[in-house]
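These are the residues of each chain, in order.
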Amino acid sequence: MNMNAVLKEANIYGELFDRQKIKSHELALTTAAQRADKIRALLKAIMDARPAILEAGYKELRLNPTDLDAQLLMVKGEAEFIARHLESWMADQPIQGTLMTLGKKSYVRYEPKGMVLHVSTWNAPIAEAFVLAFGAMAAGCTFVLKPSELAPHSAQVIADIVEKVLKDDEFVVLNGGAEVSAELLKLPFNHIFYVGGHGVGRIIMRAAAEHFATVTLEMGGKNPVIVDQTADIAEAGRKIAWGRVANAGQVCLAPDYALVHDSVVKEFISELGKSMTSMYNPDGKGYNKSADVPRIVNIRHFERIKALFDDAVAKGAKLEHGGEFDAADLFISPTILSGVTEDMRIMTEEIFGPIICIVPFSQREQAITTIRRRPKPLGSYIFAKDRAAIDFFLARTTSGSTVVNHNLVQSGTNAHFPFGGVNASGIGRIGGRYTFLECSNTRGVVEDQYPAGDPNIMFPPYSEKYKGMIAQMLGKEIKVPNGVINLINGIIKITAKLKGK
Ligand code: NAD
């Protein structure tokens, strides 16, 4: 795109931004019922577009309709949950008073941050777009969505859906690549959502700093799965085979490497391989013939994954299972590598493909050291039957979320659950009320209601009584039960009313 075109678009975006700004003030005054109605209308349009969504997902990742329906179920669950709870989330939340606030009422009001931008990605484009959109709508914000150009069919379907339901001054989808994001990032949005890799995450955070916009960054990294010697190995193999191969490994939460106790490593590799076969190549005709093995999104990502694999094998990694690559078909078979070492790129970069690396450990501390050597992960998984082992690993690691004795199931299954990462894997939380909170300003309000004692006592020139009170309070721990404070407040209120104040 030439510079003139960029400038022209910048002006278009600026004009749209100005109209959304005006609309944002109007949206701030809408009720929970009005917002919920819009969310339901959008959900209906999404469900009506199901055939187009299934077609787009097949074209982009060769996804099975059932996998796409599962994504739709996540979107539906989120919309229904928000619509059900929004009134209570929007209600003012009373704050307990203190001795210093006698005669006053304090509460929290959740008000919309205003204008929200979402720069989204391609691996689950429908859920990534709408889960965040619903949260912003619930909070009463305007929304600009920039889907990923790597999922162009879904991006078009998303634009068509939104256009049917909402005007562009409230919610608009702007399709294109990095050049569109770059122009949008110049505008002073109040909050920016980003879902994608670290490189662009830094660009987003820098751009946000220019306008002091808040950000929610949903990124990824290397998610560890620990397989303790007390785990049910067959079950671990089955669950991890699914967790690693679903969406062809292009899932931010997918287990990236398995830390396996060396007493069970052989058995685990065997069970993992067996499960990969029984799930994704049951008739023995080949993984590439299965309707359940999706494809890599494009040749750049295919070559990126292949380069990680080649580097590992060249440096001595052992191929335990799979290892088939077909560039023309963007196909990679479910693959297990053992004998991986820290100098291999596959042990430092997120794989985001259907390959899992096996790293044995003999002492539990060793597994902890391996995890701590890397940035804090988005998800971590612990397979163990021994409660002490589970607690040992939980207490000594951190991640955005953890599942014990399963993987991946923390996403899209429970709108009460806070979803997000830690530092390099993400900032902020989404899902249900958490998305609403990311788009809301938590405004503290104090209302001075009834005169308590001498209301002028705190103003200079300070009286001896006031100086004495302050000194006394500084000298000891102030511990007045809430019930007493509430009682005094009640008495102040009744006295004021009796006095006609
Ligand atoms: P991507 O290439 O689709 O990029 C994401 C978005 O950034 C796109 O909209 C793209 O247009 C935009 N973009 C690209 N370059 C840009 C630039 N220079 N300036 C501004 N915007 C730009 O995403 P990707 O990196 O391939 O996504 C995969 C990553 O996303 C993985 O690391 C995965 O773990 C992570 N992910 C995280 C979550 C989560 O919820 N935490 C979900 C899905 C994916």
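Reading guide: rules and limits
Residues numbered from 1 in each chain as written. Predicted model: local features only at pLDDT ≥ 70, side-chain atom pairs only at ≥ 80, totals over all residues. Heavy atoms only, no water. UniProt positions renumbered as here; feature names shortened; annotations may be inferred. Contact = heavy atoms within 4.5 Å. Helix = DSSP H or I, 4+ residues; strand = E, 2+ residues; numbered from the N terminus. Buried < 20%, exposed > 50% of the residue type's maximum accessible area, 1.4 Å probe, protein only. Near = heavy atom within 4 Å. Polar contact = N/O pair within 3.5 Å; in protein donor to acceptor, adjacent residues only side chain to side chain. Nonpolar A, V, L, I, M, F, W, Y, C, P; charged D, E, K, R; others polar. Domains from an automatic or database assignment.

1. Quick look at the UniProt feature "active site" (unreviewed entry) in the protein chain
Phase 1 of the analysis: Per the UniProt annotation, the sites labelled "active site" (unreviewed entry) are Glu218 and Cys252. These annotated residues cover 35 residues of sequence, and their C-alpha atoms lie no more than 8.9 Å from one another, placing them together at a single site.
Phase 2 of the analysis: Residues in contact with Glu218, not counting those within four places in the same chain, are Tyr194, Val195, Gly196, Phe419, Gly420, Gly421, Ser425, Gly428 and Ile430.
Phase 3 of the analysis: Here Cys252 shows up in the loop between helix H9 (233-245) and strand E9 (257-261).
Phase 4 of the analysis: When its relative accessible area of 22% is taken as the criterion, Cys252 is described as partly exposed.
Phase 5 of the analysis: Apart from residues no more than four positions distant in its own chain, Cys252 is found in contact with Asn123, Met219, Asn223, Glu350, Phe352, Leu378 and Phe419.

2. Overview of unusual backbone geometry
Phase 1 of the analysis: Geometrically, the link from Pro460 to Pro461 is a cis peptide bond, its omega value of -5° lying close to zero.
Phase 2 of the analysis: Along the chain, Pro461 turns up in the loop between strand E18 (440-448) and helix H15 (464-474).
Phase 3 of the analysis: Notably, Phe212 is not glycine yet its phi reads approximately 55°, a positive angle.
Phase 4 of the analysis: With respect to the element layout, Phe212 can be found in the loop between helix H8 (198-211) and strand E7 (214-218).
Phase 5 of the analysis: Phi is positive for Asn405, close to 65°, though the residue is something other than glycine.
Phase 6 of the analysis: Note on placement: Asn405 falls in the loop between strand E16 (401-404) and strand E17 (426-427).

3. Remarks on the site of the ligand
Phase 1 of the analysis: Contacts to the ligand come from 28 residues, most closely from Ser120, Lys146, Glu149, Met219 and Glu350.
Phase 2 of the analysis: The side chain of Glu149 places a nitrogen or oxygen atom 2.7 Å from an oxygen atom of the ligand.
Phase 3 of the analysis: Take Glu218: an N or O atom from its side chain is 3.4 Å from a nitrogen atom of the ligand.
Phase 4 of the analysis: Every element with two or more residues in the shell around the ligand is listed here: helix H7 (178-184), strand E6 (191-195) and H8.
Phase 5 of the analysis: When grouped by side-chain class, the residues that make up the shell around the ligand number 13 nonpolar, 10 polar and five charged.
Phase 6 of the analysis: Residues from two domains meet in the shell around the ligand; each of domain 1 (14-90 + 110-219 + 433-441) and domain 2 (223-417) gives at least three.

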